[in-house]
Amino acid sequence: MFGVTLINLSRDASSALEGNAPIELGMIDKGRLTALLDTFAALDAVQNLKLDPEIRVQTKRDRFIVRTGEGKFFLYDARHPSDAAHVCDSPAEIIAEMDGSAAALRTVTPFKIEPATDRYGKPDDGPTIDESAASHEPPSKTPTVILAGIALILSGYIAYVEISTVESAPAPALTVLTMSELAQQDAALVGVYMTGSLPGSCGIVVQGDRSLKVFRVNHQSAPSTVHGTYRLGRIESALYLATDQPGGLIKVIDTRTLEYCGEKHERIQ
């Protein structure tokens, strides 16, 4: 049995709900959890990105957080939610990870290794090693390669720090909007904007309460998401969202297109 709580989800996990109180389903069996996960994986992609729904599962020994994206499941240890997710392709696979059966299978020895014997049935110790010859083998180059790699990484990091500490020109000042224009533009810009739908694509969720999310679609993990804030204003005649994120300004091309860090993000909702 599994103790299940739904976060930002309807009771059947078919839709994400903003501001919805957590729904406690109590203890449910494997069959019902499988059906719930199947429904969860089919959740609307825009709702999923915008509202960050999740299913929390309690087993006898552990607690888990389940998220979804692109038809996959991302399993997190609730005690260490910042650790990398375990990616699963099906409800059966993710349930096996939660109930421990998958880990048990991974520890089973696939076959028993019998000691080698000679033709008379006596233990065969294999060929004799010439220790004097072995002592003359050239030393391994592995430590040298590792040290060289570390030196290269450190050199790159130092160069990055030096470049990033160079003072950049201050961003142009924004012209403040009137209260009526501010309310109108805020409402018009609420939505989800993306550069594409493939892994590596980036997106922006403008939430309308002066908050936003910047995210990146990953191939084998849930989208990487950063939460931020913004101020609306104009530079000359163009409308901008001044954010607290790297890259600073998001230019409003029109109500369906934003430009951020040189990339155009098209509205998908």
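For every chain, the first residue of the written sequence is number 1, and numbering continues from 1 onward in sequence order. Reporting of local features is limited, given that this is a predicted model, to residues whose pLDDT is at least 70; pairs of side-chain atoms are given and counted only at 80 or more, and all residues count toward the totals for whole chains, interfaces and linings. To get the side-chain values, all heavy atoms of the structure are used, and hydrogens and water are removed first.

Novice: I'm lost on the packing of helix α1 (residues 30-41) against helix α3 (residues 91-99) in this one. Help?
Specialist: When two helices pack together, their arrangement is given by the angle between their axes and by how far apart the axes lie. Running from amino to carboxyl end, α1 crosses α3 at an angle of 125°, the nearest separation of the two axes being 9 Å. With respect to each other, α1 and α3 are oriented oblique. Of the two possible hands of crossing, α1 and α3 adopt the one that is right-handed. Seen from α1, the contacting residues are Lys-30, Leu-33, Thr-34, Leu-37 and Asp-38; seen from α3, they are Pro-91, Ile-94, Ile-95 and Met-98. Each residue is assigned to one class: nonpolar for Ala, Val, Leu, Ile, Met, Phe, Trp, Tyr, Cys and Pro, charged for Asp, Glu, Lys and Arg, and polar for all the others, Gly among them. Along the lines of polarity and charge, the residues of the contact of α1 with α3 split into six nonpolar, one polar and two charged. Fitting a line to C-alpha atoms yields each axis, with helices limited to the stretch in contact; the angle taken between N-to-C directions then spans 0 to 180 degrees. Counting from the N terminus, the helices are DSSP H or I runs at least four residues long and the strands are E runs at least two residues long. Convention used here: angles under 35 degrees read as roughly parallel, angles over 145 as roughly antiparallel, angles from 65 to 115 as roughly perpendicular, and any remaining angle as oblique. Working rule for handedness: look at the near helix, and if it is turned counterclockwise from the far one by less than a right angle, call the crossing left-handed; if clockwise, right-handed. Contacts are residue-level and defined by heavy atoms, with any inter-residue pair within 4.5 Å sufficient.

Novice: I'm lost on α1 in this one. Help?
Specialist: Think of an α-helix as turning once every 3.6 residues; residues three or four places apart then point the same way. By definition here, a helix of n residues has an expected span of 1.5 Å times n minus one. Helix length check: α1 (12 residues) gives 16 Å between terminal C-alpha atoms against 16 Å at 1.5 Å per residue, within 8%. For α1, the secondary structure elements touched by its buried residues are β1 (2-7), β2 (23-28), β3 (54-58), β4 (63-69), β5 (72-77) and α3. In the analysis that follows, any N or O atom pair within 3.5 Å is treated as a polar contact, provided that within protein one partner can donate a hydrogen and the other can accept it, and provided that, for residues neighboring in sequence, both atoms belong to side chains. In this structure Asp-29 caps α1, since a side-chain oxygen of it lies 3.3 Å from the backbone nitrogen of Gly-31.

Novice: Before we go on, may I ask you to explain the pairing of strand β12 (residues 238-243) in this structure?
Specialist: Each regular strand shows side chains that alternate between the opposite faces of the sheet. We call a residue buried when its accessible area falls under 20% of the maximum for its residue type, exposed when it is over 50%, and partly exposed in between, using a 1.4 Å probe and counting protein chains only. Of all six residues in β12, five are buried, a share of seventy percent or more. Being paired, for any two strands, means DSSP has found at least two bridges between them. When strand β11 (residues 224-235) meets β12, the two strands line up antiparallel, connected through six bridges. Bridge assignment links Tyr-230 to a residue of β12, and that residue is Thr-243. Taken together, β11 and the strand that follows it, β12, pair antiparallel across an intervening segment of two residues, in which Glu-236 is found at a positive phi of about 60°. As paired elements, β12 and strand β13 (residues 249-254) share four bridges and run antiparallel to each other. If you follow Ala-242 over to β13, its bridge partner there is Leu-249. Where β12 folds back onto β13 in an antiparallel hairpin, the turn is made up of five residues, including Gly-247, whose phi is positive at roughly 100°.

Novice: Please explain the sheet that holds β4 as it appears in this structure.
Specialist: Hydrogen bonds along the backbone pair up the strands of a sheet, which may run parallel or antiparallel. Strand order in the open sheet formed by six strands is β2-β1-β3-β4-β5-β6, with antiparallel pairing between adjacent strands. Strand pairing shows two members of the sheet lacking a second neighbour, β2 and β6 (86-88), which therefore form its edges. For this sheet, the mean angle separating the axes of adjacent strands, direction not counted, is 25°. For β5 and β6, the ladder comprises three bridges, and the chain directions are antiparallel.

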